[in-house]
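These are the residues of each chain, in order.
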Amino acid sequence: MAAVSDPVDLGAAWRSARPEPPPTRFHQVHGANIRVDPSGTRATRVESFAHGVCFSREPLAPGQVFLVEIEEKELGWCGHLRLGLTALDPSTLAAVPEFSLPDLVSLGHTWVFAITRHHNRVPREDRPEAEALAPSRPPALLVEPYLCIEQFRIPRDRLVGRSRPGLYSHLLDQLYELNVLPPTARRSRLGVLFCPRPDGTADMHIVINGEDMGPSARGLPAAQPLYAVVDVFASTKSVRLVQLEYGLPSLQTLCRLVIQRSVVHRLAIDGLHLPKGLKDFCKYE
């Protein structure tokens, strides 16, 4: 059954346009236990709990989010995904370290953190430490469709994890949207980006299901190429890259937003008189 929602402000998406960075891919240099699929968008640790360090194929552009979704978990291990940035060119490494923490970090010019709800936030000069460390509940996507991180404005729609389509998917999706699930739950989406500052340095931010965790590290060399680091560690077994739209949204994306906001749950999309390809895109993306 369909339920009509409030009109979607499509003009806001057009007003937020900025140059589109290239699609993100995993680097061909990675840990010994990692297998990257032919598209370069999925990385799976095939054995053990270590040797799962991956890098972005290209350095990130300022404000570009390297966003991964946790696809598979593996029971029996202690620890989760690790995420960060490095100024080291992966192709110049003699060998990829077994762990991102502490091995890769010890090589220098690398900032990596284990993913937790309130990790390593660095207080800003103009905010009290207690305020900087306090969590903030993210607004609903319909209330605030953009995530503002320093000078960048990023559409939140694809930053937020989504459950598999089902009768209760509309309820489960709200748990991702409100970011109340564990940050390393299956289908959670985690991203890293850097924001340049006037003094020539940059802040590193980690995003969990559309919520900015605040600056995790400061003083990064903004003038140097910065690669994303993803350590598929321990209980995290497989991740896939999620692509974002920074410039003008495609007609397909605009149609998806209107359709998704006009149904009670995603199973109702099957009853709409739409091409199968568009229905699948609306259900699974």
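Residues numbered from 1 in each chain as written. Predicted model: local features only at pLDDT ≥ 70, side-chain atom pairs only at ≥ 80, totals over all residues. Heavy atoms only, no water.

- Under an unreviewed UniProt entry, the protein chain has the name Neuralized E3 ubiquitin protein ligase 2 and belongs to Ailuropoda melanoleuca.
- You can read under Pathway (unreviewed entry) in the UniProt record for the protein chain the words "Protein modification; protein ubiquitination." (UniProt positions renumbered as here; feature names shortened; annotations may be inferred.)

## Quick look at the sheet that holds strand β5 (residues 82–86)
Note: strands within a sheet are paired through backbone hydrogen bonds, in either parallel or antiparallel orientation.
Line of reasoning, step 1. If you trace the 4 strands from one edge of the open sheet to the other, you get β3-β12-β5-β6, paired in antiparallel fashion. On the outer flanks of this sheet lie β3 (53–55) and β6 (110–114), each paired with one strand and no other. For this sheet, the mean angle separating the axes of adjacent strands, direction not counted, is 20°. (Pairing = 2+ DSSP bridges. Helix = DSSP H or I, 4+ residues; strand = E, 2+ residues; numbered from the N terminus. Axes fitted to C-alpha atoms, helices over the stretch in contact; angles between N-to-C directions.)

## With respect to the pattern of salt bridges
Line of reasoning, step 1. Considering all chains together, one arrives at 9 salt bridges under this definition.
Line of reasoning, step 2. Salt-bridge contacts for Glu69 lead to Arg189; the nearest nitrogen and oxygen are separated by 2.7 Å. On the criterion of sequence distance, the pair formed by Glu69 in strand β4 (residues 66–73) and Arg189 in strand β9 (residues 189–196) is long-range, its members being 120 residues apart.
Line of reasoning, step 3. Judged by relative accessible area, Glu69 falls into the buried class, the value being 2%.
Line of reasoning, step 4. The salt bridge involving Arg218 is made with Asp203; its shortest N-O contact spans 3.5 Å. With Arg218 in strand β11 (residues 211–221) and Asp203 in strand β10 (residues 201–208), the pair connects residues that are 15 residues apart, well separated along the chain.
Line of reasoning, step 5. The buried category is assigned to Asp203, whose relative accessible area is 0%.
Line of reasoning, step 6. Taken together, the salt bridges that share partners define one network made up of Asp37, Arg42, Glu69, Glu71, Arg189 and Arg240. (Salt bridge = Lys/Arg side-chain N within 4 Å of Asp/Glu carboxyl O. Buried < 20%, exposed > 50% of the residue type's maximum accessible area, 1.4 Å probe, protein only.)

## Re the confidence of the model for the protein chain
Line of reasoning, step 1. Of the residues in the protein chain, 80% reach a pLDDT of 70 or more, and the chain-wide mean stands at 83.
Line of reasoning, step 2. The low-confidence segment residues 1–16 (pLDDT under 50) makes 26 contacts with residues lying over four places distant or belonging to another chain.
Line of reasoning, step 3. Long-range and interchain partners of residues 129–135, a stretch whose pLDDT sits below 50, account for 9 contacts in this model, where long-range means more than four residues apart. (pLDDT = per-residue confidence, 0-100. Contact = heavy atoms within 4.5 Å.)

## So, the nonpolar core
In a soluble, globular protein the nonpolar side chains are often hidden away together inside.
Line of reasoning, step 1. Membership of the largest hydrophobic core comes to 31 residues, with the highest contact counts inside it found for Phe66, Val68, Met204, Val230 and Val239.
Line of reasoning, step 2. At the level of elements, β4, β5, β6, β9, β10, β11, β12 (227–231) and β13 (236–242) are the ones that each hand at least two residues to this core.
Line of reasoning, step 3. At 4 residues, β10 tops the list of elements feeding residues into this core.
Line of reasoning, step 4. Residues Ile154, Leu159, Cys195 and Val207 belong to the second largest nonpolar core, which totals 13 residues. (Core = buried A, V, L, I, M, F, W, Y, C linked by side-chain atoms within 4.5 Å.)

## With respect to the pairing of β5
Line of reasoning, step 1. Where burial is concerned, most of β5 is hidden: 5 out of the 5 residues are buried.
Line of reasoning, step 2. Burial of the side chains of β5 extends over both faces: Arg82, Gly84 and Thr86 are buried on one face and Leu83 and Leu85 on the other.
Line of reasoning, step 3. Relative to β6, β5 runs antiparallel, the two being bridged by 5 bridges. The residue of β6 that forms the bridge with Leu85 is Trp111.
Line of reasoning, step 4. Relative to β12, β5 is paired through 5 bridges, and the arrangement is antiparallel. Residue pairing across strands places Leu85 opposite Ala228, the latter belonging to β12.

## A word on the pairing of β11
Line of reasoning, step 1. Here β11 lies mainly inside the structure; 8 of its 11 residues are buried.
Line of reasoning, step 2. Two successive antiparallel strands, β10 and β11, enclose a turn made up of 2 residues, where Asn209 displays a positive phi of approximately 50°.

## Here we look at the sheet that holds β10
Line of reasoning, step 1. In spatial order, the strands read β1-β2-β13-β4-β9-β10-β11; together these 7 strands make up an open sheet with antiparallel pairing. Strands at the two margins of the open sheet, each flanked by one partner only, are β1 (34–36) and β11. The average angle at which neighbouring strand axes cross in this sheet is 20°, direction not considered.
Line of reasoning, step 2. Alignment of strand β2 (residues 42–45) against β13, held across 3 bridges, turns out to be antiparallel. Opposite Thr44, over in β13, you have Ser238 as the bridge partner.

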